[in-house]
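As a plain string of letters, each chain reads:
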Amino acid sequence: MTFSLATWNINSVRLRSGLVERLMTEDAPDVLCLQECKSPVELIPMEAFHALGYHHMIARGQKGYNGVAILSKQPIEEVCSFDFAGLGHARHIAGRLENGVTVHNFYVPAGGDIPDREKNEKFGQKLDYLTEMRDWWHANAPEKAIMVGDLNIAPREDDVWSHKQLLKIVSHTPIEVEHLAQAQDAGNWVDITRQDIPEGQIYSWWSYRAKDWSGADKGRRLDHIWATKDIANAGHSSRIRRDVRGWEQPSDHAPVFASFDL
DNA sequence: ATGGTGGAGCTTCCA
């Protein structure tokens, strides 16, 4: 059986519920992981999603900030919700599908503007979040698992529009990249997007502040789909729907897709 | 040279 999955930082699920419905109609991924829902769980507009076949949801929410949800056509059983770095934020939810695959949905802290934990508490929290994630995977080796989300780090040189110009910009600094790599290694995670698309610049986020986001194309690949090594070879058909960034009143992130034969 | 835009909602915080 093949199932498809997408991850999308929606930047307010209530404001953009129509965009979610459009994606559900056009692409119909079996599992849709959302971040930055910016809504209490009980105010997520489930009825519209239900009508499109998404009968199941697990989520963590808070008013105004953060928030993660997994919407699924198949039953999904909640497994856990982490609060790495003890921030008290709604940044993770995990569930298990009926095929035994566990799906982790993360919204890693953005980290503020200054890449120095002495001058910027948020940057320290981001690094601490990734360190605790690494330690968790080290102590609890994931198996038959998929990990997605807005990880707020573009690790490779070709995950950003200019490696040199972004070396001191939060999301692409060497220390962040190293922290992410350690979390990835600790869990035996394989980057499925790059397994499928090993060459070339690919992005999933473009700033709202650009005059012409598509023309300037100063993007970063902040949104990721990983799988544990035991199921990584089942992954295929990775893609990023860049055109979604150009929809009316869009999120600043585009959805990332992959499929798995499991 | 240090803005620029957008969402939530607590006129300011967060991205």
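Treat the numbers as computed from the prediction; the structure is a model and nothing was measured.

Structural notes on the overall build of chain A
Along the backbone of chain A there are eight helices and 14 strands. A globule of 262 residues ought to have a C-alpha radius of gyration of about 18 Å, and chain A, at 17 Å, matches this closely. Split into buried and exposed, the 262 residues of chain A put 55% on the buried side. Put simply, chain A has 29 plus and 37 minus side-chain charges, and the middle of one group is 5 Å from the middle of the other.

What about the UniProt feature "domain: Endonuclease/exonuclease/phosphatase" (unreviewed entry) in chain A?
According to UniProt, the feature "domain: Endonuclease/exonuclease/phosphatase" (unreviewed entry) maps to residues 6-253 in the numbering used here. Between the end C-alpha atoms of residues 6-253 there is a gap of 12 Å, over a span that is 26% helix and 25% strand.

A short note on the packing of aromatic side chains
In total, this model carries 13 aromatic pairs according to the counting rule given. Ring centres 6.4 Å apart and planes at 80° place the aromatic pair Trp8 and Trp247 in the edge-to-face group. In this pair, Trp8 is assigned in strand 1 (residues 2-9) and Trp247 in the loop between strand 13 (235-240) and strand 14 (256-261), connecting sequence segments 239 residues apart. Of the two residues, Trp8 and Trp247, neither departs from the other in class, the shared state being buried. Residues Phe106 and Tyr129 carry aromatic rings whose centres are separated by 6.5 Å and whose planes lie at 90° to one another, so their mutual orientation is edge-to-face. Taken together, the residues span a long stretch of sequence, with Phe106 in strand 7 (residues 102-107) and Tyr129 in helix 3 (residues 121-139) at a distance of 23 residues. Given the relative accessible area of 0%, Phe106 is considered buried. Tyr129 gets classed as buried once you look at its relative accessible area, which sits at 1%. The rings of Phe82, Phe84, Phe106, Tyr129, Trp136, Trp137 and Trp189 are connected pair by pair, giving a single aromatic cluster. Positioned above the aromatic ring of Phe257 is the side chain of Arg239, whose terminal nitrogen or guanidinium carbon lies 3.9 Å from the ring centre.

Let's talk about the protein's contact with DNA strand B
Taken together, the neighbourhood of DNA strand B is formed by 15 residues, with Ser12, Arg16, Lys63, Lys122 and Arg209 sitting nearest. Those atoms of DNA strand B that come within 4 Å of the protein belong to sugar or phosphate at a rate of 61%. A distance of 3.2 Å separates a phosphate oxygen of DNA strand B from a polar side-chain atom of Arg16. Side-chain polar atom of Arg209 to a base nitrogen of DNA strand B: 2.7 Å apart, as the coordinates give it. For the surface near DNA strand B, the class distribution of residues is five nonpolar, four polar and six charged.

Examining the packing of helix 3 against helix 5 (residues 174-186)
How two helices pack is summed up by the angle between their axes together with the distance between the axes. Between helix 3 and helix 5, the shortest axis-to-axis distance is 7 Å and the interhelical angle comes to 20°. Comparing the axis directions of helix 3 and helix 5 gives the class roughly parallel. Seen from above, helix 3 lies across helix 5 with left-handed handedness. Taking contact as the criterion, the partners of Phe123, Lys126, Leu127, Leu130, Thr131, Met133, Arg134, Trp137 and His138 in helix 3 are, on helix 5, Ile175, Glu176, His179, Leu180, Gln182, Ala183 and Ala186. Split into classes, the residues belonging to the contact of helix 3 with helix 5 amount to nine nonpolar, four polar and three charged.

Conventions and cut-offs
- Residues numbered from 1 in each chain as written.
- Chains lettered and ligands numbered in written order.
- Predicted model: local features only at pLDDT ≥ 70, side-chain atom pairs only at ≥ 80, totals over all residues.
- Heavy atoms only, no water.
- Helix = DSSP H or I, 4+ residues; strand = E, 2+ residues; numbered from the N terminus.
- Rg over C-alpha atoms; globule rule 2.2 N^0.38 Å.
- Buried < 20%, exposed > 50% of the residue type's maximum accessible area, 1.4 Å probe, protein only.
- Lys, Arg positive; Asp, Glu negative; His and termini not counted.
- Charge placed at Lys NZ, Arg CZ, Asp CG, Glu CD.
- UniProt positions renumbered as here; feature names shortened; annotations may be inferred.
- Phe/Tyr/Trp six-rings, centres within 6.5 Å; stacked < 30°, edge-to-face > 60°.
- Lys NZ or Arg CZ within 6 Å of the ring centre and 35° of its normal.
- Near = heavy atom within 4 Å.
- Polar contact = N/O pair within 3.5 Å; in protein donor to acceptor, adjacent residues only side chain to side chain.
- Nonpolar A, V, L, I, M, F, W, Y, C, P; charged D, E, K, R; others polar.
- Axes fitted to C-alpha atoms, helices over the stretch in contact; angles between N-to-C directions.
- Parallel < 35°, antiparallel > 145°, perpendicular 65-115°, else oblique.
- Left-handed = near helix turned anticlockwise from the far one by under 90°.
- Contact = heavy atoms within 4.5 Å.

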